[in-house]
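Close look at the chain arrangement
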Amino acid sequence: MKISRTYDFVVTEDEKGSRADAFLASRITNLSRSALTGKDCEIYINGKEAKKSDRVKETDTVLLFYNAEVFDRVEPQDLPLDILYEDKDMLVINKAQGMVVHPGAGNISGTVVNALAYRYGESLIDEMADECDIARPGIVHRLDKDTSGVLVIALTASAHENLATQFQNREVRKSYRAICDGDFTLPRGTIECRMGRDSHNRKLFCPVQVGGKESKSEYTVLKGYKNFSEVEVRIFTGRTHQIRVHMKSIGHPVVGDNLYNNRYNRYPETSLMLHSHILEICHPVTGALLHFEAPIPERFEAFVSKFGVRK
């Protein structure tokens with residue numbers, strides 16, 4: 001399926017000096033940053049082909065041509081989904097650990113999007129054609145592959161716009177459960193820092209002094225054991241790997257985290273102990289506040305039963 005779109009903008013005074021990719025990302029919310037600047041896009045400033053790193057000036061005319069082959073590579077698959085809520089506007093699932101949200105390099109099957117393609121067929125793709133990145137139909141937020149729990153999916157274009165705006169404006173309440181290494185000195189705390197790419201490993205993120213993006217989490221220790229603690233973490237921003245980076249930054253990395261806890265992990269055969277437990281969001285049509293809760297997975301109880309020694 002071929003998708004072609006043209007976007008045309010004039011730079012305002014407040015936007016001058018921005019990189020072309022950052023300017024486009026601020027104006028176009030229905031395409032991912034990577035889609036905006038990938039091989040499927042051509043950027044022109046005042047009629048001349050431009051690079052994503054070029055800076056824009058006030059009154060510049062910026063054009064983006066987007067031509068992509070989409071969804072051909074997404075195979076509909078009859079995959080089990082643990083459904084917490086479903087109506088004509090939105091779907092809420094308890095995403096299984098190990099399930100990727102959308103297809104990408106190295107993961108072209110077995111994803112939530114593959115399951116959506118089977119469950120809703122081409123109707124979902126057609127519905128989203130002008131509203132979101134077609135390779136990610138209905139996806140308004142993500143969870144890491146090895147993080148389980150509540151995931152919200154839009155089923156109509158208007159619902160996608162509304163839900164995405166709520167996430168973007170930080171109007172969604174998100175609370176996670178985690179098992180973290182060590183005995184916490186304080187029963188609760190707030191972690192705030194700017195997060196950016198790790199200069200030594202571009203696949204990882206870390207706190208940075210310059211650049212990056214602001215991030216904020218609050219944690220509460222629920223139960224403490226000899227070598228680990230059960231923790232509730234509420235996040236106020238949605239940065240990639242945020243909880244994993246934050247907990248490592250205070251010396252209590254998430255148990256089973258093979259990216260951020262490989263040097264300190266006492267349980268090398270344990271999977272990531274991180275779960276999206278509670279999410280509250282307003283219904284995209286009625287405006288009613290909805291509360292979704294994914295049960296704590298069995299792997300948490302099994303881990304505590306096997307390794308838990310109370311202090």
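Refer to the structure presented above.
It should be emphasised that the depicted structure is a prediction, and the values quoted were computed from it without experimental measurement.

Conventions adopted
Residues numbered from 1 in each chain as written. Predicted model: local features only at pLDDT ≥ 70, side-chain atom pairs only at ≥ 80, totals over all residues. Heavy atoms only, no water. Helix = DSSP H or I, 4+ residues; strand = E, 2+ residues; numbered from the N terminus. Buried < 20%, exposed > 50% of the residue type's maximum accessible area, 1.4 Å probe, protein only. Contact = heavy atoms within 4.5 Å. Areas by Shrake-Rupley, 256 points an atom, 1.4 Å probe, with all protein chains shown as cover. Phe/Tyr/Trp six-rings, centres within 6.5 Å; stacked < 30°, edge-to-face > 60°. Lys NZ or Arg CZ within 6 Å of the ring centre and 35° of its normal. Arc of directions from axis to C-beta. Core = buried A, V, L, I, M, F, W, Y, C linked by side-chain atoms within 4.5 Å. Polar contact = N/O pair within 3.5 Å; in protein donor to acceptor, adjacent residues only side chain to side chain.

**Some thoughts on the overall build of the protein chain**
In terms of regular secondary structure, the protein chain is built from seven helices and 14 strands. Counting only residues that meet the buried cut, the protein chain has 49% of its 311 residues in that class. Of all intrachain contacts in the protein chain linking residues separated by at least 6 positions in sequence, the fraction that spans at least 24 positions is 65%. For the protein chain, the accessible surface area stands at approximately 15900 Å², while carbon and sulfur atoms represent 46% of it.

**Side note on the packing of aromatic side chains**
Tallying each qualifying case throughout the model produces 11 aromatic pairs. Ring geometry for Tyr 85 against Phe 292: centres 5.5 Å apart, planes inclined by 55 degrees, an arrangement best described as tilted. Of this pair, Tyr 85 sits in strand E5 (residues 83–86) while Phe 292 sits in strand E14 (residues 289–293), and the two are 207 residues apart along the sequence. For Phe 292, a relative accessible area of 6% gives the class buried. Their ring planes at 55 degrees and their centres at 4.6 Å tell us that Tyr 267 and Phe 307 sit as a pair that is tilted. Residue Tyr 267 is located in the loop between helix H6 (242–249) and strand E13 (274–282), and its partner Phe 307 is located in helix H7 (residues 298–307); the two are separated by 40 residues in the primary sequence. Phe 307 gets classed as partly exposed once you look at its relative accessible area, which sits at 29%. In textbook terms, an aromatic cluster arises when at least three aromatic residues are bridged by ring pairs, as seen for Tyr 225, Phe 228, Tyr 267, Phe 303 and Phe 307. Cation over ring: Lys 216 sits above Phe 236, and NZ or CZ is 4.7 Å from the ring centre.

**A short note on H7**
Considered for burial, the residues of H7 that qualify are Arg 299, Phe 300, Phe 303 and Val 304. One side of H7 carries all its buried residues, which in axial view fall inside an arc of 135 degrees. Looking at H7, the residues exposed on the side facing more than 90 degrees away from the buried face are Glu 298, Glu 301, Ser 305 and Lys 306. Here the buried face of H7 lies against strand E7 (148–154), strand E8 (173–181), strand E12 (228–235) and E13.

**A closer look at the nonpolar core**
Membership of the largest hydrophobic core comes to 31 residues, with the highest contact counts inside it found for Ile 153, Ile 243 and Met 247. Put simply, the parts of the chain that give this core at least two residues each are strand E6 (90–95), helix H3 (112–120), E7, E8, E12 and H6. In terms of residue count, H3 provides more of this core than any other element does, five residues in total. Sequence-distant contacts of Ile 243, that is, excluding residues within four places in its chain, are made with Tyr 176, Val 233, Ile 235, Val 254 and Leu 274.

**Focus on the environment of Val 92**
Among the secondary structure elements, Val 92 is positioned in strand E6. Taking the C-alpha atoms as reference, Val 92 lies 9.9 Å from Ala 294; in sequence the two are 202 residues apart. Those residues in contact with Val 92, other than ones at most four positions away along the chain, are Asp 82, Ile 83, Leu 84, Tyr 85, Val 150, Leu 151, Val 152 and Phe 292.

**Details of the side chain of Asn 261**
Note that Asn 261 resides in the loop between H6 and E13. Residue Asn 261 is classed as buried on the basis of its relative accessible area of 0%. Here Asp 181 takes part through its side chain, which lies 3.1 Å from a polar atom of the side chain of Asn 261. With residues up to four places along the chain from it excluded, the contact list for Asn 261 reads Asp 181, Pro 253, Val 254, Val 255 and Gly 256.

**Looking at H6**
Of all eight residues making up H6, six are buried, and the element is well covered by its neighbours. Next to the buried residues of H6 lie E8, strand E9 (188–198), strand E10 (201–208), strand E11 (213–224), E12 and E13. Gly 251 occupies a position one or two residues after H6 and carries a positive phi of about 85 degrees.

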